[in-house]
Each structure stands twice: as C-alpha cells, then as structure tokens.
Amino acid sequence: MEIVSIERHHLVHELDGSWAPAWTPGSQSTSHEVDLFAVHTDEDITGYTAMPSFPGGGLDIADGYEAVLKGEDPREIESILRKLDTIDFLGADAWHLELAMWDILGKHLGAPVYRLLGGDADPIPVYSSTGECKPAEDRVTYVEQRVNEGYEAVKLRFQSENIKDDLQVARYVREEFPELTLMVDANMGWSMRFGDEPVRWTAKEALRVARELESLEPIGWLEEPLGMHEYERLAELRRSTSIPIAGGESVNGIEPLQAYLKHGSLDVLQPDALFATGIRRGKTVGDWARAEGLEFAPHTWSNGLGLAANLHVMAATETDWCEFPHEPPFTPAARDFFLTETLRPENGKIEPPKEPGLGVEIDWDAVAKAKVSE
C-alpha cells in the first residue's frame, strides 16, 4: 500500500452566536474554521485528520506534506513518524498527519485504533471544559446545566486581568456545588494574542492561586500556571502546593514531555495527539505517566477527529478524565459539524468510537456546505 496524494479541504462553519476564547484574548469567534486532510492510498483506503485553521483561508501546505509522504506505506507508522520529524524540522507542525495513518491502518485491518494499541472500550469519565472567562453568576448557570447532564467535573478558565475575579468565580461555583470536582486552566503555557499585552503570572502569583485553590477542594488540577518550558519553576510550584499541576498539551514532540518527567514538573501530563505527539507517541507518554505514578489526561479542544483520536489513546492507557469541550455556541454539534455523528458522553462518561480506524465518518454534504473555494 502506498500514499498517492494528500488533499486539503478548508472549512468554515458559522456558529450560532459568538464567544471569546480564553487562549486568544481580545478576539471574538463566530465560526469554527478547520483544515480537513484526506490521505489517499493506491488501495482506495483514505485516512482523515483535521486541524484548527487560521481565519482567512489557513495555510495550504498539503502539497508540502504530499511531497514528503507520497510513495510511503501508511501502515509503517514508525517510518512515517521519522518523516514527520523531518517536516517538523523544516518548520511545519505535522503530528496531526499521523492520525490519518492510524485511520488507514485500522480500516485496512478492520479494527478500531484503540484495539490496535491494546486498549478497550471502557467508558471514560468526562469533565466539561469551558472556553472563556465569564462572570460568576453566568458560570454557575453553566455548571448547573452540565451537572444536570451527568457531569461530575467542570474546568474553569482563569485569565482575567485581575486574579481576584477568577478566584471569586471559583469560590462562587464551589459554594453552589460543594462536591463537584473543579479543574482550573490558567492558559499561561501558550496563547495567541490580539490587542493588549498578554497576561502572565509570576511564580509568586501562580503559588498564590494554588494556595487559594487548596481551600476549594476537590480540585482536579491547576493547568498551565506558568510557561510550558519553565520546568524548574513548575517543579518548585508543584512542591509548594497540594494542588496537582498539569500541562504539556501543545508541546512539540515528546522531548519536552521527557523534560517534565526529568524535572518533576507536573502531576498530570496532557499532550494532545493532534498537536503534540500523534497517536503512537501519545500512547508512549501515557505509559510513562503511569510508570511514574502520574495522571494522563490529554487535551482535546480542537474538532471531532481530534477528540476521536485522543479517545483512542485514552482507551489504550489508564486515563482518569477525558476533556469534553463545551462553551456555547461552540457546542458538541458545532465542534463535530463535518462528521456524520456527534461524539457525546452518556451519564458523564464517553467511549471511543468502535468502527475501524478512528471510527468516525465524514459528512460530505456538510463539507460541501462549509468548504471555502480555493
């Protein structure tokens, strides 16, 4: 089997309203913009992957991917990864392409990816992941809705200009829901900025937040309280608080994740298969985490294909929580707009797709409706 071509579809799905992603301060999002890639083979098996795209048409680099991978056997994952290392060296983040190879391999063998990784389909607990900073009363209403839907945990975003405002939201939610597990995402590891200068916590401010959260237990973790490569400072923070410290969602490859382990920086490793590792290396990191007595809870905020891929990794490792993005109008249906079925939890848990490959199908009518002419 050989790769014969790689095709890109740039999609723009209009949302029912607007929202302000915490990781792009100063922006308003009114659409879900995606680059869908189809990796075609000479045996009429096609694998798919999809990345969040840039407004205005994204980056059309499918020809570059094709130039490197054409003629390769997509079933030889380790060889593909070595090729992707080369693409990455040239400056194009390409880990997401590995997902399509697993999609092809699973379809070829007639098995879902998690089975190929030695996993099972046991349901994984989900936490509802918010995407923006909101006033306390609005956030309590949101949390009440999620609790009524069966969620046992919610992640709040902390990135207001005044830390006191974020802490007040957490206190208010805790008062209303004393038993609910709360995660907190500070988004200090990375973010895209529009307008004002970025908000960045000092090590002292990060410790202050962690200490405040200690009084609001149960807290699942404090995520990305400092820069993603501040290994020693993260380790010092971890030693100074009982609140678990999480991170690593979008690092480039496994070397930074090895550095987290070397320095003792994190309690929870969160590499996203789409952004950071691919599926094969994501499984490796999950195994490392368990060997070190750490948690493994991958980031999943992207699109339906990205969530599906991470679910397969989670199903093949010991994962305590699955992130489930939900910040209206960025709803599950909006996230998965180009799939035939929306991935949803039931009774607070979610299973990996059970069909061969990544286990999801592309809705070509939805693609045609959202595709931007190029």
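Up top you'll find the structure we're talking about.
Keep in mind it's a predicted model, so treat the numbers as computed, not measured.

Student: I'm lost on the overall build of the chain in this one. Help?
Tutor: A count of helices and strands for the chain gives 13 helices and 12 strands. Taken against the 2.2 N^0.38 rule, which gives 21 Å for 374 residues, the C-alpha radius of gyration of the chain at 20 Å falls within 12% of a compact globule. Over its C-alpha atoms, taken along the principal directions, the chain stretches across nearly 60 × 45 × 40 Å. Within the chain, buried positions represent 58% of all 374 residues. Put simply, of all contacts in the chain between residues at least 6 apart along the chain, 72% involve residues at least 24 apart. If you sum the accessible surface of the chain, you get close to 15,400 Å²; carbon and sulfur atoms cover 46% of it.

Student: How should the sheet that holds strand E2 (residues 29–41) be read in this particular structure?
Tutor: In any sheet, the strands associate via hydrogen bonds between backbone groups, in a parallel or an antiparallel arrangement. The strand order across the open sheet built from 3 strands is E1-E2-E3, with neighbouring strands paired in antiparallel fashion. The two strands at the open ends of the sheet, each matched to only one other strand, are strand E1 (3–19) and strand E3 (46–52). Adjacent strand axes in the sheet meet at a mean angle of 20 degrees, parallel and antiparallel pairs treated alike. Pairing of E2 with E3, which is carried by 7 bridges, proceeds in the antiparallel orientation. Along E3, the bridge assignment pairs Val-34 with Pro-52. Helix H3 (residues 97–109) contacts E1, E2 and E3 of the sheet and is inclined by roughly 155 degrees relative to E3.

Student: Would you mind showing me how to read the pairing of strand E11 (residues 322–325) here?
Tutor: Judged by which residues are buried, E11 turns out to be covered on both faces: Cys-322 and Phe-324 on one side and Glu-323 and Pro-325 on the other are all buried. As paired strands, strand E4 (residues 124–129) and E11 are joined by 4 bridges and run parallel to one another. Bridge assignment links Val-126 to a residue of E11, and that residue is Cys-322.

Student: Any chance you could explain the nonpolar core here in plain terms?
Tutor: Proteins that are soluble and globular tend to have nonpolar side chains buried together. Membership of the largest hydrophobic core comes to 105 residues, with the highest contact counts inside it found for Leu-36, Trp-201, Leu-222, Tyr-260, Ile-279, Leu-305 and Phe-338. Core analysis: the second largest hydrophobic core is formed by 8 residues, Tyr-127, Ala-153, Trp-221 and Val-268 among them.

Student: What am I meant to see in a negative patch on the surface here?
Tutor: A contiguous patch of negative charge on the surface is contributed by Glu-2, Asp-42, Glu-43 and Asp-44. Here Glu-43 lies in the loop between E2 and E3. Given a relative accessible area of 38%, Glu-43 falls into the partly exposed group.

Student: Honestly, the pairing of E2 in this entry has me stumped. Any pointers?
Tutor: A regular strand places its side chains so that they alternate between the two faces of the sheet. E2 sits mainly inside the fold: 11 of its 13 residues count as buried. Direction of pairing for E1 relative to E2: antiparallel, over a ladder of 12 bridges. In the sheet register, Glu-7 faces E2, and the bridge partner there is Ala-38. The hairpin formed by E2 and E3 contains 4 residues between the paired strands, and Asp-44 there has a positive phi angle of roughly 60 degrees.

Student: For this particular structure, what's the right way to read the pattern of salt bridges?
Tutor: A side chain with one charge may pair with a side chain of the opposite charge, provided their charged atoms come close. Going through the model one piece at a time under the given rule, you end up with 22 salt bridges. For the salt bridge of Asp-73 with Arg-75, the shortest nitrogen-to-oxygen distance reads 2.8 Å. The class of Asp-73 is buried, set by a relative accessible area of 14%. Arg-75 sits in the partly exposed class, given a relative accessible area of 29%. Glu-327 is the salt-bridge partner of Arg-139, the closest N and O atoms lying 2.8 Å from each other. Here Arg-139 is found in helix H5 (residues 136–148), whereas its partner Glu-327 is found in the loop between E11 and helix H12 (332–335), with 188 residues between them in sequence. According to the relative accessible area criterion, Arg-139 is buried, its value standing at 2%. Here Glu-327 falls in the buried class, since its relative accessible area comes to 0%.

Student: I keep staring at the packing of helix H6 (residues 163–176) against helix H7 (residues 203–214) and nothing clicks. Help me out?
Tutor: Axis angle and axis distance: for two packed helices, these are the angle between their axes and the distance between the axes, and together they describe the pair. At a minimum axis distance of 11 Å, the contact between H6 and H7 shows a crossing angle of 15 degrees. With respect to H7, the element H6 is oriented roughly parallel. In this structure, the crossing between H6 and H7 has a hand that is right-handed. Taking contact as the criterion, the partners of Ile-163, Lys-164, Leu-167 and Arg-171 in H6 are, on H7, Glu-205, Arg-208, Val-209 and Glu-212.

Student: Would you take a moment to explain unusual backbone geometry for this structure?
Tutor: Outside of glycine, negative phi angles account for most residues, and trans bonds account for most peptide bonds. The omega angle of the peptide bond from Glu-217 to Pro-218 is 10 degrees, so this bond is cis rather than trans. Even without glycine at this site, Glu-224 takes up a positive phi of about 45 degrees. With respect to the helices and strands, the residue Glu-224 is situated in the loop between strand E7 (219–223) and helix H8 (231–240). Look at Asn-347: it is not a glycine, yet its phi comes out positive at around 55 degrees. Within the fold, Asn-347 resides in the loop between H12 and strand E12 (349–350). Overall, the relative accessible area of 72% leaves Asn-347 in the exposed class.

Reading the values: the criteria
- Residues numbered from 1 in each chain as written.
- Predicted model: local features only at pLDDT ≥ 70, side-chain atom pairs only at ≥ 80, totals over all residues.
- Heavy atoms only, no water.
- Helix = DSSP H or I, 4+ residues; strand = E, 2+ residues; numbered from the N terminus.
- Rg over C-alpha atoms; globule rule 2.2 N^0.38 Å.
- Buried < 20%, exposed > 50% of the residue type's maximum accessible area, 1.4 Å probe, protein only.
- Contact = heavy atoms within 4.5 Å.
- Areas by Shrake-Rupley, 256 points an atom, 1.4 Å probe, with all protein chains shown as cover.
- Pairing = 2+ DSSP bridges.
- Axes fitted to C-alpha atoms, helices over the stretch in contact; angles between N-to-C directions.
- Core = buried A, V, L, I, M, F, W, Y, C linked by side-chain atoms within 4.5 Å.
- Patch = residues over 30% accessible without salt bridge, like charges linked within 9 Å, V, L, I, M, F, W, Y side chains within 5 Å.
- Salt bridge = Lys/Arg side-chain N within 4 Å of Asp/Glu carboxyl O.
- Lys, Arg positive; Asp, Glu negative; His and termini not counted.
- Charge placed at Lys NZ, Arg CZ, Asp CG, Glu CD.
- Parallel < 35°, antiparallel > 145°, perpendicular 65-115°, else oblique.
- Left-handed = near helix turned anticlockwise from the far one by under 90°.

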